[in-house]
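Read off the chains here:
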Amino acid sequence: SWSPKWLFPKRRTVPDVAGTWVGSYTCAQGLTGLRLVIQSPAGTKLEATFNFYAVSANPSVPSGSFTMAGFTDPAGIFLNQGNWIEQPSGYSMVNIAGNLPASGGKTLNGAVVGCSPFSLHKVS
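Residues numbered from 1 in each chain as written. Predicted model: local features only at pLDDT ≥ 70, side-chain atom pairs only at ≥ 80, totals over all residues. Heavy atoms only, no water.

A. Representation of the sheet that holds strand β7 (residues 107–112) within the structure. The 8 strands lie next to each other as β1-β2-β3-β4-β5-β6-β7-β8, forming a closed barrel whose pairing is antiparallel. Going from strand to strand, the sheet's axes swing by 30 degrees on average, the running direction of each strand aside. Summarising the sheet, strand β6 (residues 96–98) and β7 pair through 3 bridges and their orientation is antiparallel. Of the residues in β7, the one forming a bridge with Ala97 is Ala111. (Pairing = 2+ DSSP bridges. Helix = DSSP H or I, 4+ residues; strand = E, 2+ residues; numbered from the N terminus. Axes fitted to C-alpha atoms, helices over the stretch in contact; angles between N-to-C directions.)

B. The side chain of Asn51, seen in detail. Note on placement: Asn51 falls in strand β3 (residues 45–53). Owing to a relative accessible area of 18%, Asn51 belongs among the buried residues under this scheme. Apart from residues lying up to four places away in sequence, Asn51 is in contact with Gly33, Leu34, Arg35, Val37, Gly64 and Ser65. (Buried < 20%, exposed > 50% of the residue type's maximum accessible area, 1.4 Å probe, protein only. Contact = heavy atoms within 4.5 Å.)

C. Structural context of the nonpolar core. Ranked by internal contacts, the top residues of the largest apolar core, which has 23 residues, are Leu36, Ile38, Phe50, Met68, Leu79, Ile96 and Leu108. Counting only elements with at least two residues in this core, the list comes to β1 (19–27), β2 (30–42), β3, β4 (64–73), β5 (76–86), β7 and β8 (117–122). In terms of residues, this core owes the most to one element, β3, which gives 4 residues. (Core = buried A, V, L, I, M, F, W, Y, C linked by side-chain atoms within 4.5 Å.)

This is how it looks when you write it as structure tokens:
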């Protein structure tokens, strides 16, 4: 039986992004560490936790974290802010958009919307 391709998104894109990604980005507070933990509960749907923290070059940044939800498609990975887990005073949540890593790739390139590009490395 024939089915249009759009009914069955490429499943290989999901395992490529699920996992723990670590790197940094720059926003109003300056250079900030980022640990992004992505889960793929079903199909191309994604859930994530955005954890930010101080780096040695900018030790005054407080730690914080929030949930995210989004998806992958052939154009990339898209995650939108959800709910605060730990909110430092004066901080706002952000959204991110990125390119899909190569199959089995360990680098996730993208941007924190309204801030800076990032390059994250898969650690698990």
